[in-house]
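Structure assessment
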Amino acid sequence: MATATALRDDIDEILPGVVADRRDFHEHPELANQEVRTAGIVAERLRALGVEDIRTGIASTGVTGLIRGRKPGPGRTVLLRADMDALPIPEENDVEYRSQNPGVMHACGHDAHTAMLLGVTRLLLDRRDEFAGTVKVLFQPAEEFPPGGAKPMIDAGVLDDPKVDAAFGQHIAQEHPVGEIWVRTGPAMAAADRFHMVIKGKGGHGARPQGTIDPIVIGAQIVVALQTLVSRSIDPTEEAVVTVGTFKAGEAFNVIPDTAELGGTVRTFTAANRDFLEERIEKLARGIANAMGADLAFRYIRGYPATVNDPAMTDLVREVAAAVVGPDNVHESPLMMGAEDFSYFLEEVPGTFWFVGSKNEERGLIWGHHHPRFDLDEASLPVGMETMVNVALRYLNEGA
C-alpha cells in the first residue's frame with residue numbers, strides 16, 4: 001500500500017479540484033448514453049494528465065485509458081470503473097451546484113464516482129514507480145438503464161488489449177455515515193429481471209358476466225398464485241422476490257374489458273433460481289389463463305445479473321478499507337435487492353464492488369439514492385479515493 005501519510009497529503013492537495021469536478025458534473029447531469037459533455041471532460045482531463053491509450057466513444061460515450069507502472073516485471077492489469085449517467089428526476093436541492101438540466105439530476109452519486117476516479121487516476125500516475133503492470137481506468141455510460149453500459153463496453157473489447165485480470169468498483173452509500181465502508185463476500189446485489197403479460201379474454205357488460213371471459217378475475221388469480229413461487233418453490237434459506245407492480249385493465253365500472261396487463265420484477269441471487277422463476281412465472285400464468293378460457297402473451301426481460309464479489313478480492317478490499325477507515329468502520333454489507341451492471345465485469349474477471357458511506361445527519365444529508373433531494377457529504381470522496389488507490393496498488397504488487 002501507498003504510504004498513508006504521503007497519500008493523504010496528496011489527496012488533500014487535489015481534493016478541491018475533485019470536489020469542483022463533482023459539483024460541475026452534478027450541475028450538468030446527462031442521461032444514459034447521452035453523457036457527451038461528461039465524457040468529453042473526462043477524456044480531456046485524461047489527456048492533460050498524460051494517461052496513455054485513451055479511447056473514447058466506446059458503447060456510445062464510454063472512455064478508457066491506461067496507466068502503466070514503471071516497476072520492473074510484467075505485471076498484471078487491473079480495471080477501475082466509474083459510471084457517469086444521471087437520472088430523469090427533477091432536483092429539489094437548493095445548492096449552488098443544483099442541476100441546470102431540467103428534469104435531470106445526479107440522484108445516485110455517479111457524479112462523485114466520476115470525479116473520484118479522475119482523482120484516483122492522478123494519484124496513480126504520480127505512483128507509477130510503485131507498481132508493475134497496468135491500471136485501466138474506465139468511465140462507463142448508462143448504468144441506470146438496462147441493458148446498461150457495462151455489457152456493451154465488454155462486447156466492445158474493454159477487457160482486452162491489455163487483458164484485464166481483475167476489476168474493482170465502488171459506490172457512494174447514502175444509507176451509511178461518512179467514514180464507513182461496507183463490503184460483502186459472494187453475492188452482494190441481486191439480478192433484476194422483469195416480466196409483462198397480456199391476458200386476452202372476452203369483454204362484455206358487467207351485468208352479464210356469463211358471456212365473458214373476465215381478464216381481471218384471471219389476472220387476480222395470477223397475482224395471488226405468483227406469491228406462492230417464492231414462499232413454496234424457493235429454498236427458504238435463499239433470497240428471491242417476485243413483485244407484481246402494474247395491473248392495468250378496463251375503463252368503465254360496468255364493463256368487463258377484453259384484456260388485462262400485468263407487469264412486475266423478479267430479484268434473485270443464483271442462476272438456478274433465476275432460470276427457475278423465469279420458467280415458472282410463465283408456466284403458472286399461462287396455465288391459469290388457459291384453464292379459465294383466456295390466452296396469454298408473455299415476455300420475460302432479463303436485466304443485470306447478480307453482483308458476485310470474489311472472496312479473495314473482497315478480503316483484499318476489506319484489509320485495505322480497515323487501514324483507511326479503521327477496522328471498526330468496515331462492515332459486512334447486507335444482501336441488497338437492488339441491481340448494478342458492474343456485475344457483468346465480475347462475471348468475466350474476479351473483483352469486488354464495495355460501498356463508501358456518504359450520509360451526514362447533522363448536515364441534513366440524509367436523503368436516499370434516487371430521491372429528488374439526494375446529496376452527499378463530500379468528505380466521502382477522499383475515503384473512496386484512498387481506498388481505490390490502495391486496492392489497485394495492493395492488487396498489482398501483492399495479488400490476492
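Refer to the structure printed above.
**Points about the overall build of the chain**
A tally of regular secondary structure across the chain gives nine helices and 16 strands. With respect to the principal axes defined by its C-alpha atoms, the chain has extents near 80 × 45 × 40 Å. Across the 400 residues of the chain, 52% fall into the buried class. For the chain, the proportion of contacts with a sequence separation of at least 24, taken over those separated by at least 6, is 82%. For the chain, the accessible surface area stands at approximately 16700 Å², while carbon and sulfur atoms represent 50% of it. If the 38 positive side-chain charges of the chain are averaged to one point and the 59 negative ones to another, these points end up 4 Å apart.

**Things to note about the nonpolar core**
By size, the foremost hydrophobic cluster in this structure holds 64 residues, and its most contacted members are L80, L124, V135, F139, F168, W354 and M385. Ranked by the residues each element gives to this core, the list is headed by helix α9 (residues 380–398), at ten residues. For V135, the residues in contact, after removing those within four places along its chain, are G65, L66, I67, V78, L80, L124 and L396. Within the second largest apolar cluster, 24 residues are counted, among which are A225, L226, I234 and L296.

**Topic: the packing of helix α1 (residues 4–27) against helix α3 (residues 110–125)**
Where α1 meets α3, the axes come as close as 8 Å, and the angle between the chain directions of the two elements is 145°. Like other packed secondary-structure pairs, α1 and α3 cross with a definite hand, here right-handed. Contacts between α1 and α3 involve L7, D10, I11, E13, I14, V18, D21, R22, F25 and H26 from the first element and D111, A112, T114, A115, M116, L118, G119, R122 and L123 from the second. The class makeup of the residues in the contact of α1 with α3 is ten nonpolar, three polar and six charged.

Rules behind the numbers
Residues numbered from 1 in each chain as written. Predicted model: local features only at pLDDT ≥ 70, side-chain atom pairs only at ≥ 80, totals over all residues. Heavy atoms only, no water. Helix = DSSP H or I, 4+ residues; strand = E, 2+ residues; numbered from the N terminus. Buried < 20%, exposed > 50% of the residue type's maximum accessible area, 1.4 Å probe, protein only. Contact = heavy atoms within 4.5 Å. Areas by Shrake-Rupley, 256 points an atom, 1.4 Å probe, with all protein chains shown as cover. Lys, Arg positive; Asp, Glu negative; His and termini not counted. Charge placed at Lys NZ, Arg CZ, Asp CG, Glu CD. Core = buried A, V, L, I, M, F, W, Y, C linked by side-chain atoms within 4.5 Å. Axes fitted to C-alpha atoms, helices over the stretch in contact; angles between N-to-C directions. Left-handed = near helix turned anticlockwise from the far one by under 90°. Nonpolar A, V, L, I, M, F, W, Y, C, P; charged D, E, K, R; others polar.

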